[in-house]
Amino acid sequence: MSKAKKDSTSLIADNRKARHDYHIHETYEAGIALTGTEVKSIRQGRLNLKDSYCAIQNGEIFLYQTHISPYEQGNQFNHEPMRTRKLLMHRSEIHKLLGQVKEKGFSLVPLNFHFAHGLIKVTVGLVTGKKNYDKRQDMAERDAQRDIRRRMKEQSRDY
C-alpha cells in the first residue's frame, strides 16, 4: 500500500439523517470487524447507514441495521448484508459509553464510515433525539447563513 494512501483519511459513507434527527454530544472512532467480501463491497461504496444504531451487550459494542451489499464477484461464501457487526473500541471507552447510555435519552448512532491509515473506521456519536421545533430552528439557521453568504457575495461583486 502506498504511503499516501496509508496516511490519508477519506469518507466512505455519511449518515446525514442522523445529523438531522439527533443532537451530537460526543464522537468516538471505532474499528469494525468485517469479512473480506464486506471490505471489498465497502471499497466500492456499497454501504447504507440509514436506520443504523449501536448497542452495548456484555461489555462489547455492536452495530445493527447497517446494510453492506453483497460483493458482486463473491462466491457462495459471500456475507449476509444486514448481519450484526462488532465494533472495536478500548474497554475503558465502552464502559464510559455504557454509563452515559444508561442516562435518560442518550443513544449510540454511527455517523460515518471512513478510511484511516488504510483501515475502515466508524465514527460513533453519543446523541439525543431532536424535537420537531429543534429541527425547524436548525433549518432556519441554515437558511439565514445561506442568505448572509449570498448577500456578502453580491456586495463583493459590486466593488
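Remember, predicted model here, so these are calculated numbers, not experimental data. (Residues numbered from 1 in each chain as written. Predicted model: local features only at pLDDT ≥ 70, side-chain atom pairs only at ≥ 80, totals over all residues. Heavy atoms only, no water.)

(A) How the structure looks around the environment of Asn-112. On the secondary structure map, Asn-112 appears in strand β8 (residues 107-116). The spacing of Asn-112 and Val-124 is 12 residues in sequence and 7.5 Å in space, taken between C-alpha atoms. Not counting the four nearest positions on each side in its chain, Asn-112 is found in contact with Leu-11, Ala-13, Asp-14, Arg-19, Leu-49, Lys-121, Val-122 and Thr-123. For Asn-112, the side chain forms a polar contact with the side chain of His-114, separated by 3.0 Å. (Helix = DSSP H or I, 4+ residues; strand = E, 2+ residues; numbered from the N terminus. Contact = heavy atoms within 4.5 Å. Polar contact = N/O pair within 3.5 Å; in protein donor to acceptor, adjacent residues only side chain to side chain.)

(B) A look at the pairing of strand β2 (residues 22-32). Pairing of β2 with strand β9 (residues 119-129) involves nine bridges; the strand directions are antiparallel. If you follow His-23 over to β9, its bridge partner there is Thr-128. In terms of strand pairing, β2 meets strand β7 (residues 85-88) through two bridges, oriented antiparallel. Opposite Gly-31, over in β7, you have Leu-88 as the bridge partner. (Pairing = 2+ DSSP bridges.)

(C) Representation of unusual backbone geometry within the structure. Within the chain, Asn-58 stands out as a residue other than glycine whose phi angle is a positive 55°. With respect to the element layout, Asn-58 can be found in the loop between β4 (53-57) and β5 (60-64). If you check the backbone angles, His-117 has positive phi at about 60° while not being a glycine. Within the element layout of this structure, His-117 appears in the loop between β8 and β9.

(D) Quick peek at the side chain of Lys-135. Mapped onto the secondary structure, Lys-135 falls in helix α5 (residues 132-158). The buried category is assigned to Lys-135, whose relative accessible area is 18%. (Buried < 20%, exposed > 50% of the residue type's maximum accessible area, 1.4 Å probe, protein only.)

(E) The pairing of β7, seen in detail. Side-chain alternation along β7 places Arg-85 and Leu-87 on a buried face and Lys-86 and Leu-88 on a face that remains uncovered. Here three bridges tie β5 to β7, and the two strands are oriented antiparallel to one another. Looking at the pairing, Phe-62 lines up with Lys-86 of β7.

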